[in-house]
Amino acid sequence: MSFDDVVLSDRKKLILKAIVEAHIKLGEPVGSKYLTQETDIAYSSATIRNEMAELEELGYLEKPHTSAGRIPSELGYRFYVDSLVSQYDTKTKEAGELKKLLSFKMSEIDKILDNATKVASAMTNYTALSLRPRPASIAIKKYEAVYLDTHTYLIVMITQGTESVKTKKVSVGFDVFPDEISALSKVLNENLSGVSIEGVNIQLMMSMNLQLKEMIDVSAEKAESIVSTTIKSIYETMNELGSEIKFEGVNRLLEYPEYKNLDKLQKMISTIENKEDIIRAVSTIDQSDDDTKIFIGSENMVKIMDDSTLIYKNLKLNGKTIGAIGIIGPCRMDYSKVLSTIDQLSEEISKLSDLNALPSAKTEESDEE
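Residues numbered from 1 in each chain as written. Predicted model: local features only at pLDDT ≥ 70, side-chain atom pairs only at ≥ 80, totals over all residues. Heavy atoms only, no water.

S.K.: I'd like a rundown of the overall build of the protein chain, residues and numbers included.
M.R.: Along the backbone of the protein chain there are 13 helices and 10 strands. The buried share of the protein chain, reckoned over its 369 residues, is 45%. When contacts within the protein chain are restricted to residue pairs at least 6 apart in sequence, those whose partners lie at least 24 apart make up 63%. Accessible surface computed for the protein chain: about 18700 Å², of which carbon and sulfur atoms make up 48%. (Helix = DSSP H or I, 4+ residues; strand = E, 2+ residues; numbered from the N terminus. Buried < 20%, exposed > 50% of the residue type's maximum accessible area, 1.4 Å probe, protein only. Contact = heavy atoms within 4.5 Å. Areas by Shrake-Rupley, 256 points an atom, 1.4 Å probe, with all protein chains shown as cover.)

S.K.: Can you break down the sheet that holds strand 9 (residues 308-317) residue by residue, with the values?
M.R.: Strand order across the open sheet formed by five strands is 7-3-10-9-8, with antiparallel pairing between neighbours. On the outer flanks of this sheet lie strand 7 (244-248) and strand 8 (293-296), each paired with one strand and no other. For this sheet, the mean angle separating the axes of adjacent strands, direction not counted, is 20°. Of the strands in this sheet, strand 3 (127-132), strand 7, strand 9 and strand 10 (320-330) are in contact with helix 6 (residues 112-124), which crosses strand 3 at around 160°. (Pairing = 2+ DSSP bridges. Axes fitted to C-alpha atoms, helices over the stretch in contact; angles between N-to-C directions.)

S.K.: Requested: an account of the nonpolar core, with residues and values cited.
M.R.: One recurring pattern in soluble globular proteins is that nonpolar side chains are buried together. Ranked by size, the top nonpolar core spans 66 residues in total, and within it L16, L35, I278 and Y335 carry the most contacts. The element that contributes the greatest number of residues to this core is helix 1 (residues 10-26), accounting for seven residues. Sequence-distant contacts of L35, that is, excluding residues within four places in its chain, are made with I15, A18, I19, V30, I41, I48 and M52. Counting residues in hydrophobic clusters, the runner-up holds 29 residues, among them A145, V172, I216 and I234. (Core = buried A, V, L, I, M, F, W, Y, C linked by side-chain atoms within 4.5 Å.)

S.K.: So what's going on with the sheet that holds strand 6 (residues 165-171)? Which residues, and what values?
M.R.: An order of 4-5-6 is seen for the three strands of this open sheet, with the pairing classed as antiparallel. The open sheet terminates on both sides in strands that have one partner only, identified here as strand 4 (140-149) and strand 6. Between one strand axis and the next, the sheet turns by 20° as a mean value, whatever way the strands run. Strand direction decides the pairing type here: strand 5 (residues 152-159) and strand 6, joined by seven bridges, are antiparallel.

S.K.: Can you tell me about the packing of helix 1 against helix 3 (residues 45-58), naming the residues and giving the values?
M.R.: As a packed pair, helix 1 and helix 3 sit with axes 10 Å apart at the nearest point and diverge in direction by 85°. When the axis of helix 1 is compared with that of helix 3, the two are roughly perpendicular. Together, R11, K12, I15, L16 and I19 of helix 1 and T47, I48, E51, M52, E54, L55 and L58 of helix 3 make up the contact between the two elements. Of the residues belonging to the contact of helix 1 with helix 3, the class tally is seven nonpolar, one polar and four charged. (Parallel < 35°, antiparallel > 145°, perpendicular 65-115°, else oblique. Nonpolar A, V, L, I, M, F, W, Y, C, P; charged D, E, K, R; others polar.)

S.K.: Which residues make up helix 4 (residues 74-84), and what values go with them?
M.R.: Three or four residues apart is the spacing at which side chains of an α-helix point the same way, because the helix has 3.6 residues per turn. Burial within helix 4 is extensive, with eight of its 11 residues counted as buried. Buried residues belonging to helix 4 abut helix 1, helix 3, strand 2 (71-72), strand 8 and helix 12 (335-351).

S.K.: Can you explain the packing of helix 1 against helix 4? Please cite residues and give values.
M.R.: Axis angle and axis distance: for two packed helices, these are the angle between their axes and the distance between the axes, and together they describe the pair. At a minimum axis distance of 10 Å, the contact between helix 1 and helix 4 shows a crossing angle of 110°. Overall, the two elements helix 1 and helix 4 adopt an arrangement that is roughly perpendicular. In this structure, helix 1 uses K13, L16, K17, V20, E21 and H23 to contact helix 4, whose residues at the interface are G76, Y77, F79, Y80 and L84. Here the contact of helix 1 with helix 4 is composed, by residue class, of six nonpolar, two polar and three charged.

Shown next, in the form of structure tokens:
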């Protein structure tokens, strides 16, 4: 069920908001007694219990074990984030930490993301990550398509410069044959060798479709399916190439009961250390997208994060995406504070585009003399 399917009354919204925020604060199921005694909700306990029961039936709340209280479900968190979360009021000290970003000179631009990650983790008390996007100049020097079986083939890619090797297994929902995959190797090398992914356009793909069709005498539809599926796989691989991800405050996971399960914690830390799954997940996000992305629980592409939340935002300088910053924590996250922190970090970094406000390295050396 989606919250688009129902319209919650103002009373239900008020109670759901209070439960989410109380659960974020306490980490325990929330009952009607707490809401009547500790919040400004003026309804009776009986009314609140009825509303909580209906919110549970609608999928916004869950009742753990035999507890009389409720906790938010993924649907409840999603509704809260999209419709109910309040603006977080940044304290003077926190604002000062953010302003420190402005002390960077343009010659130190590579340090901005590292510093932003440290500030984000310290201010939110969650694990923070930063991702530097792949260089636009990355291109593949040579391709090799290897037939595996009737529905699977392998794309081997050798990059220019460093000549590192990447492989990508491609699975398709139709039959492919060795001669088709062999022809695909030739088409890829003749059209994409030395070309960055930004150079792949509709015209080039249409040309590749036609070339493949004529080489192996298949239908236009099949040639198009093979080419488009292959291009998508190459794009995903090139998105991962050159990306650099860093984490800050991984130890903060230990502070939350959601990660007390030793096996699950070890798997989460292993995923963070290996990096590839998370790089692959965040690399699918459009680098030109300015919106903050929120992935709650099972919305995450990384399975081990199915009871965590990832909040992620691209960062821009002079209109160009220089990387991204994210926060990982339990679904029971202080969304108001995290969203505010990420938005303000983004705003402070964008101010660095005012070059006149930043002293150059040469000016500072002259002043010291």
